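Structural overview
Below are the chains, spelled out letter by letter.
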Amino acid sequence: MTGITEILWLSALVALCFPIGAILSLRLKISHRMTAAFMSLGAGLLIAASFLDLINGSLHELALPSVILMILLAAAVFSIMNWWLAKRGAKHRKRCATCLNDMQTELKPDNGLAITLGTILDAIPEALVLGVKLTGNGSAIPLAVALGLGNVAQSISSTSGLKASNISTAHIMILWIGLAIITTLATLMSYALLGTLGPSLKPWLEAFAAGILLAMVCEAMLPEAHHKSPSFTGLIGSGGICLYLLIHEML
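Attention in this report is confined to the structure presented alongside it. Note on numbering: residues in each chain are counted from 1, in written sequence order. This being a predicted model, a pLDDT of at least 70 is required before a residue's local features are given, and a value of 80 or more before pairs of side-chain atoms are given or counted; all residues contribute to the totals for chains, interfaces and linings. Note that water and hydrogens are dropped before the side-chain values are worked out from all heavy atoms of the structure.

Description of the overall build of the protein
In terms of regular secondary structure, the protein is built from nine helices and zero strands. Here a helix means four or more residues in a row that DSSP labels H or I, a strand means two or more in a row labelled E, and each is numbered from the N terminus. The N-to-C order of helical and strand elements in the protein reads α-α-α-α-α-α-α-α-α. In the protein, buried positions account for 50% of the 251 residues. In this description, contact between two residues means that some pair of their heavy atoms is separated by no more than 4.5 Å. Taking the contacts inside the protein whose residues are at least 6 apart along the sequence as the reference set, 87% of them involve residues at least 24 apart. Here the Shrake-Rupley method, with its probe set to 1.4 Å, supplies the accessible areas, and only the displayed protein chains count as covering residues. A total of about 11600 Å² of accessible surface is found on the protein, and carbon and sulfur atoms cover 70% of it. Each residue's exposure class comes from its accessible area (1.4 Å probe, protein chains only) as a fraction of the maximum for that residue type: buried when under 20%, exposed when over 50%, partly exposed otherwise.

Observations concerning helix 1 (residues 4-27)
A helix is expected to span 1.5 Å for every residue after the first. Over its 24 residues, helix 1 runs 35 Å from end to end, which matches the ideal 34 Å to within 8%, given 1.5 Å per residue. Burial in helix 1 covers these residues: Ile 7, Leu 10, Ser 11, Val 14, Ala 15, Cys 17, Phe 18, Pro 19, Gly 21, Ala 22 and Ser 25.

Observations regarding helix 8 (residues 202-226)
Over its 25 residues, helix 8 runs 34 Å from end to end, which matches the ideal 36 Å to within 8%, given 1.5 Å per residue. Along helix 8, the largest kink reaches about 35 degrees and is centred on Cys 218. Just downstream of helix 8 lies Lys 228, where phi reads positive at about 65 degrees. One fitted axis covers the seven residues ending at a residue, a second covers the seven starting there, and the bend at that residue is the angle between these axes.

As for the packing of aromatic side chains
Only Phe, Tyr and Trp rings are paired, with Trp represented by its six-membered ring, and only when their centres lie within 6.5 Å; those with planes under 30 degrees apart are stacked, over 60 edge-to-face, the remainder tilted. The full count for this structure, using the stated rule, is one aromatic pair. The interplanar angle of 15 degrees and the centroid separation of 5.6 Å between the aromatic rings of Phe 18 and Trp 176 together place this pair among those described as stacked. Separated by 158 residues along the polypeptide, Phe 18 in helix 1 and Trp 176 in helix 7 (residues 169-195) bring together distant segments of the chain. Taking the relative accessible area as the measure of exposure, Phe 18 reaches 3% and is therefore buried.

As for the packing of helix 3 (residues 64-90) against helix 8
Between two packed helices, what matters for the description is the angle formed by their axes and the separation of those axes. Here an axis means a line fitted to C-alpha atoms, over the contact stretch when the element is a helix, while the angle between two N-to-C directions is reported on a 0 to 180 degree scale. It is the contact of helix 3 with helix 8, at a shortest axis distance of 7 Å, that shows an interaxial angle of 45 degrees. When the axis of helix 3 is compared with that of helix 8, the two are oblique. By crossing handedness, the relation of helix 3 to helix 8 is classed as right-handed. On the side of helix 3, the interface is formed by Ser 66, Val 67, Met 70, Ile 71, Leu 73, Ala 74, Ala 75, Phe 78, Ser 79 and Asn 82, while helix 8 contributes Trp 204, Ala 207, Phe 208, Gly 211, Ile 212, Ala 215, Met 216 and Glu 219. Residue classes in the contact of helix 3 with helix 8 are distributed as 13 nonpolar, four polar and one charged. An angle below 35 degrees is treated as roughly parallel, one above 145 as roughly antiparallel, one from 65 to 115 as roughly perpendicular, and anything else as oblique. We call a crossing left-handed when the near helix sits turned anticlockwise from the far one by less than a right angle, and right-handed when that turn is clockwise. Under this grouping Gly is polar, as are all residues other than the nonpolar Ala, Val, Leu, Ile, Met, Phe, Trp, Tyr, Cys and Pro and the charged Asp, Glu, Lys and Arg.

Digging into the nonpolar core
We call a set of buried residues a nonpolar core when its members are Ala, Val, Leu, Ile, Met, Phe, Trp, Tyr or Cys and they connect through side-chain atoms within 4.5 Å of each other. Among the nonpolar cores identified, the biggest contains 47 residues, and Leu 46, Leu 128, Leu 130, Leu 134, Leu 143, Met 216 and Tyr 244 are the most heavily contacted of them. Mapped by element, the contributors of at least two residues to this core are helix 1, helix 2 (32-59), helix 3, helix 5 (112-134), helix 6 (141-164), helix 7 and helix 8. Among the elements that take part in this core, helix 8 stands out by supplying 13 residues, more than any other. If we ignore the near neighbours within four places in the chain, the residues touching Met 216 are Leu 46, Phe 78, Asp 122, Pro 125, Gln 154 and Met 221.

Structural notes on the packing of helix 2 against helix 9 (residues 233-250)
Where helix 2 meets helix 9, the axes come as close as 7 Å, and the angle between the chain directions of the two elements is 45 degrees. Taken together, the axes of helix 2 and helix 9 are oblique relative to one another. Note on packing geometry: the crossing formed by helix 2 with helix 9 is right-handed. From helix 2, Ala 37, Ser 40, Leu 41, Gly 44, Leu 45, Ala 48, Ala 49, Leu 52 and Asp 53 reach across to helix 9, where they touch Thr 233, Ile 236, Gly 237, Gly 239, Gly 240, Ile 241, Leu 243, Tyr 244, Leu 245 and His 248. In terms of residue class, the contact of helix 2 with helix 9 is made up of eleven nonpolar, seven polar and one charged.

Remarks on a nonpolar patch on the surface
A surface patch of nonpolar side chains, amounting to about 490 Å² of accessible area, comprises Val 145, Leu 149, Leu 246, Met 250 and Leu 251. At the level of secondary structure, the elements contributing two or more residues to the nonpolar patch comprise helix 6 and helix 9. Along the chain, the position of Leu 251 falls in the segment after helix 9. To count toward a patch, a residue needs a relative accessible area over 30% and no salt bridge; like charges are then connected within 9 Å, while nonpolar side chains (Val, Leu, Ile, Met, Phe, Trp, Tyr) are connected within 5 Å. Every case where a carboxyl oxygen of Asp or Glu lies within 4 Å of a side-chain nitrogen of Lys or Arg is listed as a salt bridge.

Here is the structure:
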């Protein structure tokens, strides 16, 4: 188990990366190529975290078919919810301004609820993942770093698209600050709930958390990273995986 102080500051630090990314996007002129690079790096970090901290741990306790079943079940849950929200206007919530312009589409203010719910859906995996990690052994700091950097990347891209769709700065910041609060509370609730469950359930939850996180990366991050095929995205994504390995080794 982890001390309550570490749980609080790790949860808050990861969540605050959402408004930090929004501020960077609003204050700086970040190109699509740079946004795609951020997304590639973030995707690599989260993929590495999924395998090294979650799937690897579950494989030590469960048979391979059980791990595969939980990963696919979790991915199906995320994909179905994401599909439902996409039908209601949240499909391009992670796209930057350049991508929306290329697709000749925009995010409409009347789709604000769907966009908000979709953004919350993207944050659910990290709350579950961090909650699972905090209840186990070993430091959760490497995972928190990966999740935080992934949040910055997602927020930079999404904020660019929201701003290009003439959604006000106040509305954008309320969205991200609200999401930071929700994510922090969700992580604390996840930790509290998972802490009451028996240790035999932990590997099942690890596999489930990995599946939902991987589905989020594939559906919400990789499309933006690959749009117009910016140069070296594969290298940058691989660099994200290597960066996580270094962080994990150092911390």
